[in-house]
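# Inside the fold
Okay, here's what each chain looks like letter by letter:
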Amino acid sequence: MYGNAYIDPNDKAAQMIAGEDPQKLAEFEARIAKGEKIEPKDWMPKEYRKQLVRMIEQHAHSEIIGALPEGTWITRAPGFKRKLALMAKVQDEVGHAQLLYSAAETLGKSREAMINDLITGKSKYSNVFNYPAFTWADACIIAWLIDAGAIINQVANAKGSYGPYCRALDRICTEESFHLKYGHDNVVTLATGTPKQREMVQAALTRWWPPIMHFFGPSDKISNHTEILMRWKVKMASNDDMRQQFLNMYVPKIWDLGLTLPDPNLKKNAEGKWEYTEPDWDEFKRVVNGDGPCNAERLAVRRNAEERGRWVREALNTTESKYIVPLA
Amino acid sequence: MNTQAIKELLYKMADDLLIIGHRNSEWTGLGPILEEDISFSSMAQDKIGQSQAIFQLLNDLGEQEPDTVAFMRGAAQFHNARFLELPNGEYDFSLVRHFLFDHADQLRFEALANSSYEPLAKVAKKVKGELKYHVFHANTWLVKLGQANENSHNRMQAALNQAWNYALGMFEESAHEDALITEGIFEGELALRDKWLATITPIILKAGLQIPASNEWQPIYGGRICQHTEHLSPLVEEMSEVFRYDPTAEW
Amino acid sequence: MIKSLDPRITRAEIDLENPIDPLKELDQWETYEVFHQKRRGDQHMHVGIVHAPNAEMAFIFAKEQYGRRGLSVNIWVVKTRDVYSSEYDDSDIFETVPEKQYREAGGYKVMEKINKYKKGV
Ligand SMILES: [Fe+2]
Ligand SMILES: [Fe+2]
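The following paragraphs examine the structure supplied in this document. These numbers were taken from a predicted model, which means no experiment stands behind them. Throughout this description, residue numbers start from 1 for each chain and increase along the sequence as written. By the order in which they are written, chains take letters starting at A while ligands take numbers starting at 1. Local features in a predicted model are, by the rule used here, given only for residues with pLDDT of at least 70; side-chain atom pairs are given and counted only at 80 or more, and totals for whole chains, interfaces and linings are based on all residues. To obtain the side-chain values, all non-hydrogen atoms of the structure were included, while hydrogens and water were left out.

### Some details on the overall build of chain C
The numbering of helices and of strands both runs from the N terminus, where a helix is a DSSP run of H or I of at least 4 residues and a strand a run of E of at least 2. When helices and strands are counted, chain C shows three helices and three strands. Listing every helix and strand of chain C by position from the N terminus yields α-β-β-α-β-α. Computation of the radius of gyration draws on C-alpha atoms alone. For the globule rule, the value is 2.2 Å times the number of residues to the power 0.38. Against the globule reference of 14 Å for 121 residues, chain C gives a C-alpha radius of gyration of 28 Å, more extended than a compact globule. Once the C-alpha set of chain C is aligned to its principal axes, its extents read approximately 100 × 35 × 25 Å. Expressed as a percentage of the 121 residues in chain C, the buried residues total 35%. Residues count as neighbours in contact if any of their non-hydrogen atoms are within 4.5 Å of one another. Counting contacts in chain C only where the partners sit at least 6 residues apart, residues at least 24 apart contribute 39% of the total. Put simply, chain C shows about 8500 Å² of open surface, and 54% of that area lies on carbon and sulfur atoms. Each residue gets one of three labels from its accessible area relative to the maximum for its type: buried under 20%, exposed over 50%, partly exposed in between, using a 1.4 Å probe on protein chains only. Note on areas: these come from Shrake-Rupley sampling with a 1.4 Å probe, and a residue is covered only by the protein chains present in the view.

### Quick word on the sheet that holds strand β2 (residues 45-52) of chain C
All names here are of chain C. Spatially, the three strands line up as an open sheet ordered β2-β1-β3, and their pairing is antiparallel. Where the open sheet ends on each side, the last strands, each with one partner, are β2 and β3 (74-79). Mean inter-strand twist for the sheet, computed between neighbouring axes without regard to direction, equals 30°. The pairing criterion for strands is at least two bridges between them, as found by DSSP. As paired elements, strand β1 (residues 30-37) and β2 share seven bridges and run antiparallel to each other. In the sheet register, His36 faces β2, and the bridge partner there is Met45. Interaxial angle, 0 to 180 degrees, is taken between N-to-C directions of lines fitted to C-alpha atoms, where a helix line uses only the stretch in contact.

### Notes on the interface of chain B and chain A
Chain B puts 53 residues into the contact, and the matching count from chain A is 42 residues. Carbon and sulfur atoms make up 67% of the area that chain B and chain A hide from each other, which totals about 3900 Å². The buried area of a pairing is the accessible area, by a 1.4 Å probe, that goes missing from both parts when the two are put together, added over both. Considering only the side of chain B, the residues that lose the most area to chain A are B:Leu34, B:Tyr245 and B:Trp251, jointly responsible for 18% of the buried surface there. Put simply, a salt bridge is a Lys or Arg side-chain nitrogen that is within 4 Å of an Asp or Glu carboxyl oxygen. On inspection of chain B and its partner chain A, the count reaches three salt bridges. Across the pair B:Glu241 and A:Arg76 runs a salt bridge whose closest N-O atoms are separated by 3.3 Å. Counted as a polar contact is a pair of N or O atoms within 3.5 Å, where, for protein atoms, one must be capable of donating a hydrogen and the other of accepting one, and residues adjacent in sequence contribute only when both atoms are in side chains. For the pair chain B and chain A, the number of links is 17 residue pairs in polar contact (both at pLDDT 80 or more). Top contributing element to the side of chain B that touches chain A by residue count: helix α2 (residues 34-60) of chain B, with 13 residues.

### Comments concerning the coordination of the iron ion (ligand 2)
Each donor-metal-donor angle would ideally measure 109.5 degrees in four-coordinate tetrahedral geometry, or 90 or 180 degrees in six-coordinate octahedral geometry. All names here are of chain A. Atoms of type N, O and S within 2.8 Å of a metal are treated as its donors, and for Na, K and Ca the window is 3.2 Å; water is not considered, so some sites may appear to be missing partners. Looking at the iron ion (ligand 2), the protein donor atoms are Glu93 (OE), Asp147 (OD), Glu176 (OE), Glu176 (OE) and His179 (ND1), and they sit 2.0 to 2.8 Å from it. Along the chain, the residues donating to the iron ion (ligand 2) fall in the pattern E-x53-D-x28-E-x2-H. The distance between the iron ion (ligand 2) and the iron ion (ligand 1) comes to 3.5 Å, and Glu93 binds to both of them. Separated by three residues within a single helix, Glu176 and His179 lie in helix α7 (residues 163-191), roughly one turn from each other.

### Here's the deal with the pattern of salt bridges
Within this structure, the stated rule accounts for 48 salt bridges over all chains. For B:Asp102, the salt bridge goes to B:Lys47, with nearest N and O atoms at 2.7 Å. A residue pair is termed long-range when its members are at least 10 positions apart, and B:Asp102 in helix α5 (residues 91-112) and B:Lys47 in helix α2 qualify at 55 residues. Here the two residues B:Asp102 and B:Lys47 agree in accessibility, since each one is buried. Residues joined by salt bridges that share partners form a network here, namely A:Asp92, A:Arg171, A:Glu175, C:Arg68 and C:Arg69.

### Thoughts on the packing of helix α1 (residues 3-25) of chain B against α5(B)
Residues and elements named next belong to chain B. At their nearest, the axes of α1 and α5 sit 12 Å apart, and the two run at 150° to each other. The hand of the α1/α5 crossing is left-handed. Contacts between α1 and α5 involve Leu9, Lys12, Met13, Asp16, Leu17, Ile20 and Arg23 from the former and Arg97, Phe101, Asp105, Arg108, Phe109 and Leu112 from the latter. For this classification, Asp, Glu, Lys and Arg are treated as charged, while Ala, Val, Leu, Ile, Met, Phe, Trp, Tyr, Cys and Pro are nonpolar and the rest, including Gly, are polar. The class makeup of the residues in the contact of α1 with α5 is seven nonpolar, no polar and six charged. Crossings are classed by handedness, with left-handed meaning an anticlockwise turn of the near helix from the far one by less than a right angle and right-handed meaning a clockwise turn.

### As for the packing of aromatic side chains
Residue and element names in this part refer to chain A. Aromatic rings from Phe, Tyr and Trp, taking only the six-membered ring of Trp, are treated as a pair when their centres fall within 6.5 Å; an angle between ring planes under 30 degrees marks them as stacked, one over 60 as edge-to-face, and anything in between as tilted. Applying the stated criterion across every chain yields a total of 28 aromatic pairs over all chains. Ring geometry for Phe28 versus Trp232: centroids 5.9 Å apart, planes at 80°, classification edge-to-face. With a gap of 204 residues between them, Phe28 in helix α2 (residues 22-33) and Trp232 in the loop between α9 (224-231) and α10 (239-256) connect regions that are remote in the sequence. Residue Phe28 is classed as buried on the basis of its relative accessible area of 4%. Aromatic pair Tyr131 and Trp208: ring centres 6.4 Å apart, planes at 65°, arrangement edge-to-face.

### A few points about a nonpolar patch on the surface
On the surface, a cluster of nonpolar side chains totalling about 270 Å² of accessible area is made up of C:Val110, C:Met111 and C:Ile114. Locating C:Val110 in the fold gives a position in the loop between β3 and α3 (111-120). Every patch collects residues that have over 30% relative accessible area and no salt bridge, joining them within 9 Å if they carry like charges and within 5 Å if they are nonpolar side chains (Val, Leu, Ile, Met, Phe, Trp, Tyr).

### Describing the environment of B:Asp67
Its location among the elements puts B:Asp67 in helix α3 (residues 66-72). Once you skip the residues sitting within four places of it in the chain, B:Asp67 turns out to touch A:Gly79, A:Phe80, B:Met72 and B:Phe243.

### Section: the pairing of β1(C)
Successive side chains on a regular strand alternate, one facing one side of the sheet and the next facing the other. Residue and element names in this part refer to chain C. Across the eight residues that make up β1, a large majority, seven, are buried. Here β1 runs beside β3; their pairing, made up of six bridges, is antiparallel. Looking at the pairing, His36 lines up with Ile75 of β3.

### With respect to the nonpolar core
Core analysis: the biggest nonpolar cluster contains 205 residues, and A:Trp136, B:Leu100 and B:Trp196 have the highest contact counts within it. Counting residues per element, this core draws most heavily on helix α6 (residues 136-157) of chain A, at 15 residues. The contact partners of B:Leu100, leaving out residues within four places of it in the chain, are B:Phe83, B:Leu160, B:Ala163, B:Trp164, B:Ala167, B:Met170, B:Trp196 and B:Ile200. Each nonpolar core is a collection of buried residues, namely Ala, Val, Leu, Ile, Met, Phe, Trp, Tyr and Cys, held together in the definition by side-chain atoms within 4.5 Å.

Below, the structure written as structure tokens:
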């Protein structure tokens, strides 16, 4: 799901293109301006490569870590239909990680290096997955609203300039439409069900609203730096624009179900823009930096999975294997 | 048709598939490499889907809804072989169990494709392709890891030793064995066990592994008569947890 | 040991403090390019890669990663290192002069001659 990696705001625009061959840079930018895609072996500015690796890698990490909160309910999903769908959904997320790591690999960073950066905490993943799925309804809210947020991000990024990332996202978006429908169906079932079910889904929604508001990240500082990334079609929409789009599409659907959101200031103003209480960005930073309710567990579980699988991978490693960067 | 005999056959098959499907699904997101995680999850989904199809046959014979039967019974009402409820352990044990169970499962369905009980024969024909993949997956892994390096060989051999008597327990005979055989519903557990041994032996040898000596074979029975290890009950409780939260609700 | 909300995790008995050695080079094996054919009669299409230790397992993985939904009848897997690929920098080698009508159907126009002949008869 969840491609909301954010770009380091401290990078200076001038540094971004320092030392690049002006002729090649001009050709590169002209190609993107024409709407053509950049392919792995093309010349590209170092900063373009760096930002893309960071973004795609974080996106991949988010998929594999995102499999954990939802996986929490696999053995407990109620009934065949829900169980099979949840298994398929979590499987898709693992598949998305595979597709995204593969896309990032084409830029020259190996999957091993990316996993190492994940499990040591050097590389981030979407902050929402540091929160727990307490009840079945939490898993349903995640499947609907977190995936909805992810889709907004992914649909935007699918129009970006880097061919392998766009191709991965096209396929991912197709699968996400199943996730969204599945999540919505679940939430509707709970919201239109018994009083206990309604209470359960309302509680989950209330719990998840702050992380959902955090999902797209803080307002971007408009700088030359972000302008260049937008010109290069690395960043496709501002965080605030995506948040607005999300609110516009989903708040009415939530209210339709008679559910309430824990923000008294949430409303659409006369200009059609959504107003809301500013999310707690200190909490966001605190959790990003490791101090959320589940950060430690998520990474410990990933490390454990890598370690338990190591003997399998080592056994089948043959001496004549040779790593070559994937082609596309 | 001997409905009682058919029901018992269906229950053990459905429960086997339901429980192994759940166990295998515990690897989702935690597998040894992303690609294998995806493959293993697909097969777990297939198992649970096959189980659903068989619970549907039971429903057609007058038992309760598949969801109710599958998710709302206590451990003491399950007919699965004990083998399948054991915790996953490490990937070696999970793969060996997958290998041993899926061969039995494939042969069982193969035989049932000719069953005189047509609804079951129909299901058996439908799942043929899925099982072919499962067995190909299992064989490939077993043969590769059985001889890849010393560590993997030792692990796979130890897992096979640990699994063996439990696996033999899959072929626990039912009180209705004769009825099933004479009415052409199912060839019977002993016939199935012979076929299974004949099928898996060459593959195990090809993997450089050894089947425990036959004088040490002591099938671990009990599952078919609802006697289980302590591992089943927590899983079964998890399976019904959400339903129990509000039994009047539709989920 | 982690006491997780996820019973699967609790059962796996995981230490919260569990530093591990970094994954080594080739830990994730090498890659295979995957070509997928939807129906008989279609071309195989390149759909992506899988990491795998050998060709059979590459197929096993590709079948589920790229063929678990929709139609499939066949899959090829090829080691990435065995694929010879041209360079995008050299993509001008595909450019050619337009004066090659002799190998296009549109380069052959006979009606004029036929009409002229018919008029003359
Ligand atoms: Fe995803
Ligand atoms: Fe998703």
